[in-house]
Structure formats: structure tokens, C-alpha cells
Amino acid sequence: KAGVTQTPRYLIKTRGQQVTLSCSPISGHRSVSWYQQTPGQGLQFLFEYFSETQRNKGNFPGRFSGRQFSNSRSEMNVSTLELGDSALYLCASRLVGGPNEQFFGPGTRLTVL
Amino acid sequence: AQKVTQAQTEISVVEKEDVTLDCVYETRDTTYYLFWYKQPPSGELVFLIRRNSFDEQNEISGRYSWNFQKSTSSFNFTITASQVVDSAVYFCALMQETSGSRLTFGEGTQLTVNP
């Protein structure tokens, strides 16, 4: 079974731009969560999507948004990029109704200049 | 509020030594889940183990073992006979039943195993 895939793997943007990151969960996994990892703040929860609905949201500004499609694939968007948004963005999928461990993708490394 | 503390920022050992990574958690929920993840330099978080709050049985998987003690709110991870391939950052994480899928991670412990 293929794991969680994320595209692109690397991105370089400038301040003020917006960016969209994509995540394809493990086949059969319907819950997708996003996390931000930075050296200063560590791993922080952004949001979770299940059945195309946001179920849970972390403490991030409204510039961070996401969505989920009917095939469970998810995208997250960051608008008006700031230098502090430079981070590794990790997507994780989970089997709903089964064991609740989350399986992570390789991440997207975003650099904001 | 939930919190996970991994007090050991970095640990360095020589191959074949045993090493224990500490994890202490805080939660008000009676139902919760604890996890350990490994993050090699490639960046991907690799799931190692899940424990629920009702199961304090310790677990052994090959060279890995986990000690869950509710009385001290700890979920420690021991690697026996460490190998160079064990070098990575290890994260302990908590999921509360009232917080959906939200994982609260500790700061991570960088383990370096030297040959």
C-alpha cells in the first residue's frame, strides 16, 4: 500500500505570495491532518479534515486554510506569506473507525524569502 | 490543557549501548492515547507505537520497549543494543479523546548513535 504523498517537496516563495500544498492520504484513510514543524515552535497542529469538513483547528491565523476533496485528498493554502511561515509542513492520514495512529508523509519544505 | 515534555534534548551513545528516552505528559482527560514517532534526517515521521490510557501493559518489539506508567504520567522508550541506524529525532505525542485527531508533540530528543 502506498504511503502518504505530499507535493511539492520543496517550495521557495517571497513574502506576500500565497502557496498551496497538496496531500494524498493512504488508500482508505479518510481523515487528513496538517502540522507545521519549525525549529522554534516544534510540531504544531494546523487542522484536520474528514468527509470534506474541517473537524478540528489549531491556533493559527486565518491565512492558513485547507480543504478536502471527495477522494480524501487535501490541500492547504497559506496566503500573504510571512518569513515566519518558513517550515516543514507535514500531512498525516488516519483510518477512521479503526486504530487512531496517524501516518505521515515526507513533508513539504517551504522557504519564504 | 495538554502538554508533553521530553526533557532530554540530545543524547549521544556508542553503538550497542542501551538508551532510554523520557516522556512525561499532562492531560485532564481520562481517555487518551500516547505515541512515539521517529524522524530520520529525511523528515518523515515514522510511527512506532500507540498506547491507550486503559492499557498500562509494557510492550517489547525487537530492540524497542516502552514503559507506560499512569502513576507518574510517563511513557518512556528504551532502545536496547543501539545501532547507528537508530540515530534520529524521537517524538512523544499525546492525543486526547476530546481533541479529535490533534496530536500534541513533545520537543523531541535527538539521538545520535556513534560507531
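Residues numbered from 1 in each chain as written. Chains lettered and ligands numbered in written order. Predicted model: local features only at pLDDT ≥ 70, side-chain atom pairs only at ≥ 80, totals over all residues. Heavy atoms only, no water.

(A) Quick peek at the sheet that holds strand β8 (residues 74-78) of chain A. Residue and element names in this part refer to chain A. If you walk across this open sheet you meet the 4 strands as β1-β3-β8-β7, and the pairing is antiparallel. The open sheet has two edge strands with one neighbour each: β1 (5-7) and β7 (64-68). Sheet twist, expressed as the average angle between the axes of neighbouring strands with direction ignored, equals 20 degrees. Of the strand pairs in this sheet, β7 and β8 are connected by 5 bridges, and their pairing is antiparallel. (Pairing = 2+ DSSP bridges. Helix = DSSP H or I, 4+ residues; strand = E, 2+ residues; numbered from the N terminus. Axes fitted to C-alpha atoms, helices over the stretch in contact; angles between N-to-C directions.)

(B) Broad picture of the nonpolar core. Membership of the largest hydrophobic core comes to 23 residues, with the highest contact counts inside it found for W36(B), F75(B), F77(B), Y90(B) and L111(B). Tallying contributions element by element places strand β10 (residues 88-96) of chain B first for this core, with 4 residues. Not counting the four nearest positions on each side in its chain, F75(B) is found in contact with C23(B), L34(B), F35(B), W36(B), I49(B), R51(B), W66(B), N67(B), F68(B) and C92(B). Grouped together as the second largest cluster of nonpolar side chains are 21 residues, L11(A), V19(A), I26(A) and M76(A) included. (Core = buried A, V, L, I, M, F, W, Y, C linked by side-chain atoms within 4.5 Å. Buried < 20%, exposed > 50% of the residue type's maximum accessible area, 1.4 Å probe, protein only. Contact = heavy atoms within 4.5 Å.)

(C) Region of interest: unusual backbone geometry. The amide bond that connects T7(A) to the next residue, P8(A), takes the cis arrangement and shows omega of -10 degrees. You can see P8(A) is positioned in the loop between β1 and β2 (10-13). A positive phi is found at T80(A), a non-glycine position, where the angle reads about 45 degrees. Mapped onto the fold, T80(A) is located in the loop between β8 and β9 (87-94). Owing to a relative accessible area of 48%, T80(A) belongs among the partly exposed residues under this scheme. For S73(B), which is not a glycine, the phi torsion comes out positive at approximately 50 degrees.

(D) Region of the structure containing the packing of aromatic side chains. Evaluated as defined, the whole model comprises 21 aromatic pairs over all chains. Among the aromatic residues, those joined into a cluster by ring pairs are Y35(A), F45(A), F103(A), F104(A), F35(B), Y37(B), F47(B), F91(B) and F105(B). (Phe/Tyr/Trp six-rings, centres within 6.5 Å; stacked < 30°, edge-to-face > 60°.)

(E) Layout of the interface of chain A and chain B. With 22 residues of chain A at the contact, the number on the chain B side is 18 residues. Taken over both partners, the interface formed by chain A and chain B buries close to 1,600 Å², and the fraction arising from carbon and sulfur atoms is 51%. Its largest share of buried area at the contact with chain B, chain A owes to L43(A), N100(A) and F104(A), together 36% of the area lost on that side. Our count for the contact surface shared by chain A and chain B stands at 1 salt bridge. Measuring nitrogen to oxygen at the nearest pair gives 2.5 Å for the salt bridge that ties E101(A) to R50(B). The element contributing the most residues to the side of chain A that touches chain B is strand β4 (residues 31-38) of chain A, with 4 residues. Class assignment for the residues of the side of chain A that touches chain B results in 9 nonpolar, 8 polar and 5 charged. (Buried area = accessible area lost by both parts, 1.4 Å probe. Salt bridge = Lys/Arg side-chain N within 4 Å of Asp/Glu carboxyl O. Nonpolar A, V, L, I, M, F, W, Y, C, P; charged D, E, K, R; others polar.)

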